[in-house]
Every structure is written in C-alpha cells, then in structure tokens.
Amino acid sequence: MSLLQVNNLNISYPTRKETIVASKDVEFNLERGEILGIVGESGSGKSTIANAIINLIDPPGEITGGSIKIDDNELRSNEDVIQKYRGKKIGFVFQDPQTSLNPLFKIKDQLIETIQTHLDLDYQEALKKSIRLLEEVGIDNAEERIEDYPHQFSGGMRQRVVIALAISCEPDLIIADEPTTALDVSIQYQILELLKDLTKKRNLGVIIITHDMGVIAETTNKVIVMRYGVIVEQGDTKELLTNPKSTEARSLVISVPPTNKKIDRFKLISPDGKEITSDSKNLTKNIIKTWGVRENKNQKLLELSEVTKIFDEQTMASSFRFGSKNDTNDKAVKAVNDVSFELYEGETLGLVGESGSGKSTIAKIITGLVRPTNGEIFYNNLSLYNSKRKYQIENSRGQIQMIFQDPYSSLNPRFKVRDIIAEPIKLFQKNISKSELIQNTHDLIDIVGMTRQSLDRYPHEFSGGQRQRISIARALATRPRLLVCDEPTSALDVSIQAQILNLLKDIQDELHLTMLFISHDLPVIRQMCNRIVVLKNGSVCETKESEELFNAPDHPYTQELIRLMPKIESIV
Amino acid sequence: MLKKTYNKIYDTDIGYSFFNSKIAITSSVILLIIFLCSVFAGIVAPYNPFDPASVSLMDAFTPPAWSEGGNPSFVLGTDQQGRDMFSTMIYGSRISLIVGFASIIFAMVLGVFLGVTSGYIGGRYEIVVMRLTDVQLTIPSILMALLVNGIAKSIISQSMHSEMAIYVLIFAIGISEWPQFARVSRASTLVEKNKEYVSASRIIGLSNIIIMFKHILPNILRPLLVIATIGLALAIITESTLSFLGVGVPPTTPSLGTLIRFGNSFLFSGEWWITFFPAIFLIILALSINLLGDWMRDALNPKLKIR
Amino acid sequence: MFGYFLKRLLQAILVMIVVAFVSFSLFNFVGDPIISLTGEDSSIERQAEVREALGLNDPIYIQFTKFLGNVIQGDFGISYQLKREVSDLIAERMPATLELVFVSALLAIVIGVILGVYTGIHRDSFVSNIILVISLAGVSLPTFIIGIMLIYLFSVILGVLPSFGRGEVVDLGFWTTGFLTVSGLKALILPSVTLSLFQMTYVIRLVRAEMMEILQTDYIKFAKARGIQKNVVNYKHALKNGLIPVITITGINIGTLIAFSIITETVFQWPGMGLLFINAVYFVDIPIMSAYMIMVAFIFVMINFIVDITYYFIDPRIRIKDEMS
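Residues numbered from 1 in each chain as written. Chains lettered and ligands numbered in written order. Predicted model: local features only at pLDDT ≥ 70, side-chain atom pairs only at ≥ 80, totals over all residues.

Undergrad: Before we move on, can you summarise the overall build of chain A with the specific residues and values?
TA: The secondary structure content of chain A amounts to 21 helices and 22 strands. Expressed as lengths along the three principal axes of its C-alpha atoms, the size of chain A is roughly 75 × 60 × 50 Å. Residue pairs at least 24 apart in sequence account for 70% of intrachain contacts in chain A once pairs closer than 6 positions are excluded. (Helix = DSSP H or I, 4+ residues; strand = E, 2+ residues; numbered from the N terminus. Contact = placed C-beta atoms within 7 Å.)

Here it is, written out as structure tokens:
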C-alpha cells in the first residue's frame, strides 16, 4: 500500500471561451521515505496537481475525474476527509515565504493554533512542542524568537517557519511547491538539506515541485516530467537524467547549463526530437550595412572606480535637510561599497552574487537610472557623472543599453511591438525617412528571430521568451556598443533560456558587442562570460577569468557558492 | 462593418462583460437617453420654462395629467409659477450634467497632473503634494465646496454673483474632488515607475514628460475611469445638495437640486409632484451612473478572478 | 513610542496653525469687516475709529498672534449678522451636532462593518446581493432626498416621528442632551438614520472589498492548507487583517458625518452647528465661517491623531519599525 496513489487524475478550468485542460490522466505513486520531484516548464500543470491533492485548486478549476488515495483512503469528493487530512496527514509548503504568513499574528500563535486544531494538547504542551519544532527546523533562540512577528524574520528563516508549520501535526506527506525558488543559493541548499533530513528522520513522503533540474538531481529519488498537463516521462531520477527518453525530458536535461565545463552554444532539442545547436536563423547582413563595420580594438570601454551607493530612507525630515548630503542616518543601506572593475571591448564580463550583492544597483548606475554616492564611472574615458552627480547622457549617447529580467513588465502593454522598437530609432535619427524606419524595424525583428507579423501585435500576445526577444530588438535599436544584461533569463524556462542565451551570443558575435552580464546563476555565468566579478553585500570578493574562477577560486565566499550550487552532474 | 466592430469589442474581456451584464447595458441606455434629452432640450421639452412669455400663473399648481384636475398639456403637472414640470426637469438636468461633467473634468485634469508628476518626480515636490492631498482628503467634499463657495462669494462683488455662480460652483466642486484623482494616479504612477519599460525608456533617453504622459499615463487610465464615473455621480449629488441648500446655482438657471428645494415647501401642503419628479429624476441619474461605475470597477479589476 | 506620538502631535499642531492662518486671512482680506460691522454708509471717521479699535492697523504677525491668542481662549469675535459672541453661539449648538454625529457614526460603523464582512465572505449569496443593491441606493441617494422621503413617510403619512427639532432636551449646564427624554430620542431617529445611510453604504463597500482581497492572499490559503476550519479562517484570520483600514475609515467617517450634518440639520431644522454655518455662508458672516472652520479642523485633527495612536497599537509592523530605529 503506497502512501499516496494518484490514478487518472483529470483537472480542467472552464473559461468563457473554452475549457482548458490543466491535467490529463495523471498517474503516479509515492512511498514513505521517498522524495518525488515534479518538474516541467511553466504551464505544465505541476502546481495544479499539488493543489488538487489537498483540494485547494483556485476556482473555476475543478477535478473532473480520477482518484487520489492516501494509505488507501479515497480523498476525492470527500470534503470531510480532506479537511481532516489537511495539516494532519498532509503538510503543504508554498513558494513565497513573504506572503505565506499572516503578518498580524505572532509565530507562536500561528503554531499553537495549528497544533491545537489537530492534536489534543493544552496550551502549555502546544507551546513546548512549537518551540521544539522551531529548533528542529534550525531556528536558534527558538524560545525568544517564537514571540516575534513574521516580518522580523529573513526570507530563509521564514521558510523554515513555514516548514515548521507544515510538519507541526506530524503529517506523513509533505508537498512543497517551489519551496526554494525565491531564496538565495546558500539558503536554498540549507532548506533542501532540511527537507532531506526530515524525510529520513520522520519517514515522510515528500513531493517537491520545481523547474530547477539541479534541485531535482540533488534532492529527489524519483521524478515526473510534465508538459501541458500530461506526464511525459517518469522514473528513477538518476535513470531519467542520464538517459531521458521523451523529447520534453531530453530538452530539459540538455538545456541545463553545465556546471563543470564551458560550451560554446547551448544545445537544444527541436520539437521533432533532433538535437540542434542554435535556432536563430541566419542573421541578416542588412543590419551590419547600416551599422557599419565595427572593430574590437580591445580598448577599455567601461571603467568603474571606487563606486559606492548608499540608499537613504526618504523621510520628510531628510528631504528638507539642508546640510551635507553625506550625512547618513542609521537607516542607510550601503548597496554598493567601493566597487572597481574594468570592461574591455568585445568581452563579456559577468557580475555574480546573491540578493543584496549590489549587482543590479551597479547596472542601474552604469545606465544612469541610479546616481552613485561616490566614485567615478568612465565610458570610453569620458566621465558618466559630472560633479553634481548628474548623468551625462551625451557621453554615452545610446551606446549603453540594457535588457531586463522581467519579460512581463519590460514592454509597455499599450504600445504595439512596432512602436516599441521604432521609438528609440526615431529619437536618435530625428529625420529618418519613413521607409528607412520601416527597414530598420524589420531588420531588428529579423535579427532576434521573430516574424514581421509580430510587429503589429501587442506584448500580451507573446510568451516570456518572445518578449525578451522584443526587448533585445529594442535595445539594439540605438546601435549600442555595450549591452548590460540584468538577469535576462532568470524568469524563463530552462529551454527558452538556452534559446535566448544562444541568441545573445550570436548577436554579440555578429555585431561586435561588449556585454556586462548579471546573474545569480553560476552555471549560466560560466557559460556566458570571459571574466567574472564576484560580489557580496556590495563589495567585490574577487575578479577572475571564468574558467580559472571555477577551477580554482580564491575567495572563501566564491568557494562556498560553487560548492552549494545545485549541479545536475552530481547524479550522473 | 458594424457587426465586425461589435464582434471585435465582444471578444475583449470588457466587451464581453458589458454585453452580458444587463445592469451595465440598462444604465448606459438610460444615461444616453438623459444625456441626449438634455443636449437637445429645446426639441425634447414641450415648453421653455424660462421664457416668461410661455409661462402663466394661471397654470400654477396643476397636478399630473393622470390625477384629478390634471391637464394633458402638462404631463407631469406644473409648479408654483406655472412652469411645466417635465420641461423644467429637462432643463434642470442639463444644468446638473454641465456642472457635474465640468467639475469632474477640472478635478481630473488637475488631480491627474499633480498625481502623475508627484509620483514620477518624487522628492520634496512629491511630499508637499502628498501632504496637501492628505489634508484635503480629511475634509469632506461638501464642506470644501461650501467653504470655497462662501469665500468666492465674499470676494466677488454682489452684482457679479449670478453670472459667476456656475463657474464658482464648478471650481468649488472640482477643487473638492481633485485629491482622490491625485492619490490614485500617484499610487499607480509609483507602480508603473518601477516597471522595467519605464527604465528602458529612461535609458533610451526619452524626456521625462514623454515618459510620464505618453508611456505611463495610458497604463493608469483604468482605475481613473472608475473613479471618474463614481466621482461624476458624487459631483452631481454635491451640486444638487448645494443648490438645495441655496448656495448652488442661481435660481434663474435652476438645477434639479434647486427644483427640489422649490418644491419642498409645498410637499406638506399636498402639491407633492413639484418635489417628487425632480427627485426621482435625480435618483435615476445618480443610480445609473453609480451602477455603471460599479460594473466598471469589477470589469476593470485584474485582481478579481472571473467566476 | 513617544517619538512616534510626538511626531504626530507636532504635525497636528502644524496643521492647526495653517488652518488658523487661513481662517485669519478670511477675516482680514476677504470682504471688509469694518463695513460689515459699522454698516455700508458709515462715515470715514467712524470706520477709522473702529479700525484702530480692532487693531487692524498693526502689522500682520501681531494681528495673527492676537488672533491665535483669542482662538485658544475661545474668543472668535462677534457674528456680523446675529450680533452675538460667536463662541456663545457655537457652545449652544455644539451638543446638538455632536449627539447627532455620535449616534450616526455608531450606526454607520457597526452596521456597516457587520454587513461588509458578511457580504465579503459570502460573496455570491442572495442575501449579499440584496444588501449590495440597497447599499448602492444609499450611495446614489443624496442625503437631503433621503431626509425628505423619511419625513414624508414617517411624519406626514404615518405621523409617528417628528419632522423637525430636537424634542425635549435636558440642560446639564454646559451640555444639553436629548438622550434622556423620550421625545428627544424620537427626534434623533430620523436625522441619524438619514445621516448615517451614506456613510454606512460606503463602509459596507469598503469592508467588502477588503475582505474579498484578503481572502485571496497566500496566508489565508496556507491557513486552509493547514486544516484550520473555514469559520476560524474567515472570522479570525481574515477579519483581523480586514479591520485595519476600517480604523482609518472611522476617522474620516466622523469628519464626513460632521460635514453632512449640515445638510441633515437643514432638512430637519436641527439646531446644531451645521445650520449655523449654512446661514453664515448665505449671509457671508465671516466670523462664524472662520470659527466653524477652526472648530471642525480641530475635531478632524484630533480624530486623526487618535486614529494614528490606535494604529500603533493594532498593527505590529508599525510598532516594530519604530522600536527598531
């Protein structure tokens, strides 16, 4: 008898236009002591399955068929049983620790309430148990911290609290929906170790839903690959990752950036199962004609010298303060601390670090979105900020462009794609003729691999990957020399990421671009960059050639990051 | 071609919601009728009640046509001066609508401008505007309108009162309504400002004005539209309240509120229709606008999932 | 903690000074107080005398300081129209308005919150829809129309409730109250219902919107996932979060009620400050207008201050932020 047995599960979402099938004939089981991973790209239905097990699918979705059994007890269409099982037999962990806890209740109250709902303990006993639970999930000073409110915990700590709540009533099954996606690599490692630990100690069955293949490799025993609501392959993790059979699984595995070597282009699997190296069509030579031939003379293109940025909290008093701007109050945050590095023509420099490392702030300083508090930034030996700390856009004139992280907010939803791309062209070439404008726009949309029909559509009609392509086209419209890429693929599925990264490499080669590539994802950085700057809490830890960094890192922080990053190769 | 446009609109989420909501369609139709009637008052109304030649005291206090003593040429009866109720209502609604629309447009232009610029520019400017908004928001619009009205009256000389009254009223109500536009547009601007398409525009080098009004503004129109609609209803009610209290439009160009005031004195002596019909008209007007605004709020809210 | 309070207190005082200044400007620069006091055809000498006597030839800051001094002592000058001390007029009328506002506020908030929570939790029930339709009517009906309709129904047709005045009041020295007599209480019913209706519907809609939004948050979903019963989730978890904006609303509520009492007092001939004010506007009686402005601003500012303090004790996020700095 399995702990969890799912048979023929069918879930659909009736909308006014059509009925969307969220999951079709899904079948799998889970034993105690096993960790099952459900992986798939966005829209594959993995979260829906998890929600279905505890019957908390968002309406209008509903389960239309199949059975869900826990220890041979049928859960489906039995609201009373499910109500009893929630929390008691099944524990759930949500993705975002920021929003999972009620901000108005102390941790103590939330724990005790959960415990007393399912177990027959009085207040004191529940309190003692709560403290022990917090210790078990690794929170120091549990007796004091239990009196705190959620916002007094950091992200990783909060997730531990969430896990404590999930296991508080001794469940047998834990379902974790993207439990570490919102956390830093080092925290992620700890949380996953905690889950593995608890599985062993308490003999639990655990389902982890994720899109990260490295997590699957390092944490799970079995894995299910889903696509469009259907299970395309399932089996033993090691087996599936070394020898994937279905197109989808092969595509997932092959697109993962290798952590142990450098490759030229990411491999992809085309829809009919063949391996291809690049899917961008031959780049039009037109654009090279209009841009003119460029040479990389290996000059220094960008230089940062002792750049510091301090964020002061904006209060009424501080705005009206007439004193020196260097007076800081204790609410100040030093986001960037004395950072210096150089960037040479033609190379790709990577900035890598976890949240709070300052990498995004540096990108914003270079592009003029944020003013530095101290330090100098030179582009082509011209200072980008004058003595009054005002951005001298004339000195860079469209030569520095940026690609952003979130494809859903980087395009103005009210503009057609054509206008999004044409606007910067018109700004820089005020007297451009209509036909030339159209030609330029066409060239740009061609170069990013999208059809000309896309020009007359609106952003919301496109997927995340396609939107990033449009963003790239827009960035290229001003004929930049330096392209700053701020986590350009962090929000994309792994196979789409491979396509976009290949595209960026192709464009860089064809147009002789220099790139500043920012990411928290070490394997991606390794593949994309020649040199790497490692940042922590606003300061530079070390700067090295990328292969040297990965093979022989100097700084202990770098060593730690490399050690902790989830590696798909670990299982092979 | 009409059918093609209909299909295109029906396909959008809003269009679908509209054509499937009996409430939305009914209120829109009612509003359209009222609007057209007041624009074409000269044609729709059987009489011009403000033309002394067509009014005779002999006809005063005629009850509605269906009751005893009624006169079919005055369908809804006449008031104390012999004016036809139906006609006075049509002309009155015209005044109410003019003041309502004008004050809301004034409030919207002022409020949105201040809101968007303060949200985008930030700094001391934003703080000052915010405080001003906060302080004014604690003062109810009626009070604000009354105060501004009172102050304006004492500044303008007695003789100009009648002429300027409508402009003063529009100004007063507009001033009392701008803060909510400012607050919502500032909040929306702050949200949009953090979106990456704004950063991209800044990096490209577009001027701040273009970013504010060509890029950000179109994206914040939805909640503003809802507030404008509900604000319109509020403006009309405020105007009628002020007129009822005697400090609104001058009696020579009465609005619905003024008419209700006139009729109030006769309510208890039996001539109920003089107050009743303008009151019902006003209620229908306000109700339709509110229903439309309500539907709009639900239809344009991305957070409320479609059931 | 005291830092937080002190900051709020200072802000309040600042606002009051600004209001006082506006009020003061009304006095001096709008219209001619001299003419109003001495009459349109008084002699130039007489006007000069009065001007000197009133200290109108002194520099502005001296006048303003004197003005402030007077205001703090409760001296608002003399009504142009009624020729009486404004402070006396206000003292006479204030209890009437405050009692009316108090009862209306109670009605609006209590009933508003209960119905708002109910319609927020039971989104699509038949009862909820009825409540919502009625609430829509409340927003669309101008207060004065409601008043007239109620009078017509209960006084003219049914004859059970009075249509004007406060009924019998008991004089407690500094306060006259209508709470202690049957006729006083009867007289309160129609005006307070009229006054509270608009606010009540506003509260219902607001609370409903809040509840609906909260019920879709992650932490509510997590609570359900932990097996906590629906009723506990709705009435303990969701409600606590939902009540926070109600507190701000209460503050603004009372302010709006005071404003709308002007209308209600006019319709019901209720002898309160509102009626006094509306007549002042009509006759351009500056002293009463400016006094009313200051009084009302004072009440608003005080209420906001109390709201801020209450917030501090209810929302732990504000408390912690303050303690950490």
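Undergrad: I'd love a proper account of the overall build of chain C, names of residues and values included.
TA: Summing up its helical and strand segments, chain C has 13 helices and two strands in all. Considering only C-alpha atoms, chain C reaches an extent of 85 × 65 × 35 Å along its principal axes. When burial is assessed residue by residue, chain C has 41% of its 325 residues classed as buried. Within chain C, residue pairs in contact and separated by at least 24 positions form 71% of the contacts whose partners lie at least 6 positions apart. (Buried ≥ 20, exposed ≤ 12 C-beta atoms within 10 Å, placed from the backbone.)

Undergrad: Let's hear about the interface of chain B and chain C: which residues, and what values?
TA: Opposite the 34 residues of chain B that make contact, chain C presents 33 residues. Where the side of chain B that touches chain C is concerned, the elements lending two or more residues are α6 (123-138), α7 (141-155), α11 (221-245), α12 (256-267) and α13 (273-299) of chain B. Its residues assigned to classes, the side of chain B that touches chain C comprises 21 nonpolar, ten polar and three charged. (Nonpolar A, V, L, I, M, F, W, Y, C, P; charged D, E, K, R; others polar.)

Undergrad: Talk me through the sheet that holds strand β15 (residues 348-352) of chain A; I want residue IDs and the actual numbers.
TA: Residues and elements named next belong to chain A. Reading across the sheet, the six strands line up as β18-β19-β20-β15-β21-β22 and stay open at both edges, with mixed pairing between neighbours. In the strand order of this sheet, the two ends are held by β18 (400-403) and β22 (539-545), each with one partner. Sheet twist, expressed as the mean angle between neighbouring strand axes with direction ignored, is 20 degrees. With six bridges joining them, strand β21 (residues 531-536) and β22 adopt antiparallel strand pairing. Bridging across to β22, V534 finds its partner in E542. Strand contacts of helix α17 (residues 464-476): β18 and β19 (482-486), with the helix running at about 175 degrees to β18, the strand carrying the most contacts. (Pairing = 2+ DSSP bridges. Axes fitted to C-alpha atoms, helices over the stretch in contact; angles between N-to-C directions.)

Undergrad: Requested: an account of the sheet that holds strand β8 (residues 205-210) of chain A, with residues and values cited.
TA: Sheet strands associate in pairs through backbone hydrogen bonding, adopting either a parallel or an antiparallel arrangement. Residue and element names in this part refer to chain A. The six strands lie next to each other as β6-β7-β8-β3-β9-β10, forming an open sheet whose pairing is mixed. Two strands bound the open sheet, and with one partner strand each, they are β6 (90-93) and β10 (230-236). On average, adjacent strands in this sheet sit at an angle of 15 degrees to one another, irrespective of strand direction. The strands that helix α7 (residues 155-167) touches are β6 and β7 (173-177); relative to β6, the one it contacts most, it runs at about 165 degrees.

Undergrad: Provide a residue-level description of helix α4 (residues 107-118) of chain A, including the pertinent values.
TA: End to end, α4 of chain A covers 17 Å across twelve residues, agreeing with the expected 16 Å (1.5 Å per residue, within 8%). Looking at the buried positions of α4 of chain A, the neighbouring elements they touch are α5 (123-136) and α7 of chain A. (Expected span 1.5 Å × (residues − 1).)

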